[in-house]
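# A structural walkthrough
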Amino acid sequence: MFPEYINLFWLNFSQTLLTSILSLVIFLIFVTYYNFKKNKDETNFFVSMIDLLIETMDDFFGSVSNKIPTSVKTYVLFLFIYILWNNLFWLVLDVFATVVPVIHHTFRPVSTDIYFNAMLAVFGVLWSLYYGLQNHWFHFIEKYINLRWFGIVGKMPKNPFKFILWLLVKIIDIILSLFVWLLEFIWEFAKMLSLTLRLFWNIFAWVILLTLIVAATIAFIKVPFLWPILVLVMELLVSVLQAFVFALLVLVYFKVAEESH
């Protein structure tokens, strides 16, 4: 489940960290090339396709809610692009692994590092909670703490019978409120956990499957490029889908926080 560590230049690097570093370097080269082509000719096919993809995803995420600020939509778009890029980068490495098997044992998809996924999930959920607090203040806090408790002393009835009845109702109210408060906190933790594990298990399952396919290809197929194309296409779809679902769920959490009362 956890990546192995590889000693390189007297330092220990995890497989996912090596993949992340190499992916980042290639991404910077890609962005530099994109800027060069765009400055030279904005109508270039390569530039136009990249712009179309980014604008399409930006418009889609923006259509989820018009009230969500640009900074949030930019972050969600960044999540989609970053996760997708790392997934596609691993897909390319896996193709080369059929020829150079050591690649498969040296690198590993960044999304199969549970700490990386948890970092993205925790940051996204905590930011959505802060966003909800900014929009609703005390109304948002009341999801977790019943602010009416602070006025409990001044509203006590003087009649003993009414006081006992009032006290029982208040105790039941506090117990139920504490239960709801506990459920709300469990729900926030569950959002972080589900985001983390959904991305991890889906990509990790494909890594196991592809490891078996690469081993079978090397052992039984004389021409390594003849490995199952269908699995490659399915992995491409899974990579796009998981990046999209992760980014969309984070955006949905922001929308829920925006509409919370």
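Residues numbered from 1 in each chain as written. Predicted model: local features only at pLDDT ≥ 70, side-chain atom pairs only at ≥ 80, totals over all residues. Heavy atoms only, no water.

## Examining the side chain of Thr-196
Structurally, the position occupied by Thr-196 is in helix α7 (residues 160–220). By relative accessible area, Thr-196 is classed as buried at 6%. Leave out the neighbours within four places in its chain, and Thr-196 touches Ile-114, Asn-117, Ala-118 and Ala-121. (Helix = DSSP H or I, 4+ residues; strand = E, 2+ residues; numbered from the N terminus. Buried < 20%, exposed > 50% of the residue type's maximum accessible area, 1.4 Å probe, protein only. Contact = heavy atoms within 4.5 Å.)

## Some thoughts on the packing of aromatic side chains
Here the structure, examined in full by the defined rule, presents 17 aromatic pairs. An angle of 70 degrees between the planes, with centres 5.2 Å apart, marks the rings of Phe-27 and Trp-85 as edge-to-face. Taken as a pair, Phe-27 in helix α1 (residues 15–40) and Trp-85 in helix α3 (residues 70–97) lie far apart in primary sequence, 58 residues in all. For Phe-27, a relative accessible area of 26% gives the class partly exposed. On the numbers, 5.5 Å between centres and 85 degrees between planes, the contact of Trp-127 with Phe-254 is edge-to-face. (Phe/Tyr/Trp six-rings, centres within 6.5 Å; stacked < 30°, edge-to-face > 60°.)

## Some points on the packing of α1 against helix α2 (residues 45–64)
It is at 9 Å that the axes of α1 and α2 come closest, and there the two elements cross at 115 degrees. Considering the angle they form, α1 stands roughly perpendicular to α2. Along this stretch, α1 crosses α2, giving a crossing that reads as left-handed. On the side of α1, the interface is formed by Phe-30, Tyr-33, Tyr-34, Lys-37 and Lys-38, while α2 contributes Phe-46, Val-47, Ile-50 and Asp-51. Looking at the contact of α1 with α2 residue by residue, the class counts come to six nonpolar, no polar and three charged. (Axes fitted to C-alpha atoms, helices over the stretch in contact; angles between N-to-C directions. Parallel < 35°, antiparallel > 145°, perpendicular 65-115°, else oblique. Left-handed = near helix turned anticlockwise from the far one by under 90°. Nonpolar A, V, L, I, M, F, W, Y, C, P; charged D, E, K, R; others polar.)

## Section: the nonpolar core
As a rule of thumb, nonpolar side chains are buried together in soluble globular proteins. Residues Phe-61, Val-76, Leu-79, Phe-80, Leu-195, Phe-246 and Val-250 are the most contacted members of the largest nonpolar core, which totals 32 residues. Among the secondary structure elements, those contributing two or more residues to this core are α2, α3, α5 (114–136), α7 and α8 (229–259). Tallying contributions element by element places α8 first for this core, with nine residues. If sequence neighbours within four positions are ignored, Phe-61 has contacts with Lys-73, Val-76, Leu-77, Phe-80, Phe-244, Ala-247, Leu-248 and Leu-251. With seven residues, the next largest nonpolar core counts Phe-89, Trp-90, Leu-93 and Ile-103 among its residues. (Core = buried A, V, L, I, M, F, W, Y, C linked by side-chain atoms within 4.5 Å.)

## Concerning the layout of surface pockets
Its volume calculated, the largest pocket comes out at about 650 Å³. At 11 residues, α3 tops the list of elements feeding residues into the lining of the largest pocket. (1 Å grid on protein atoms, 1.4 Å probe; cavity = no way out; pocket = protein on both sides within 12 Å on 5 of 7 lines; lining within 4 Å. Points joined across faces, edges and corners; volume = space filled by probe spheres on them.)

## Considerations on the confidence of the model for the protein
Note: predicted coordinates in regions of low pLDDT should not be interpreted at a detailed level. Of the residues in the protein, 79% have a pLDDT of 70 or more, and the chain-wide mean is 78. Within the protein, the element-level pLDDT minimum falls on helix α6 (residues 138–141), averaging 64, and the maximum on α1, averaging 88. (pLDDT = per-residue confidence, 0-100.)

## Details of the pattern of salt bridges
When charged atoms on two side chains of opposite charge get close, those side chains can pair. Going through the model one piece at a time under the given rule, you end up with two salt bridges. With its nearest N and O atoms 2.8 Å apart, the salt bridge here joins Lys-191 to Glu-188. Placement of the pair is Lys-191 and Glu-188 together in helix α7, with a separation of three residues, close to one helical turn. Relative accessible area serves as the criterion here: at 5%, Glu-188 is assigned to the buried category. (Salt bridge = Lys/Arg side-chain N within 4 Å of Asp/Glu carboxyl O.)

## Describing the environment of Lys-191
Exposure remark for Lys-191: the relative accessible area of 5% places this residue in the buried category. Considered as a pair, Lys-191 and Tyr-253 are 62 residues apart in the sequence and their alpha carbons are 8.7 Å apart. Excluding its chain neighbours within four sequence positions, the residues that come into contact with Lys-191 are Val-125 and Tyr-253.

## Observations regarding the pairing of strand β1 (residues 5–8)
Of the pairings in the sheet, the one linking β1 to strand β2 (residues 11–14) comprises four bridges and is antiparallel in character. Looking across to β2, one finds that Tyr-5 is bridged to Ser-14. Connecting β1 to the antiparallel partner β2 that follows it, the hairpin turn spans two residues, and Phe-9 within it adopts a positive phi of roughly 55 degrees. (Pairing = 2+ DSSP bridges.)

## Observations regarding the environment of Leu-8
For Leu-8, the location among the structural elements is in strand β1. Among the residues examined, Leu-8 registers a relative accessible area of 34% and is labelled partly exposed. Linking Leu-8 and Leu-18, residues 10 residues apart in sequence, is a C-alpha distance of 9.9 Å. If we skip the residues at most four places from it in the chain, Leu-8 touches Phe-13 and Leu-18.

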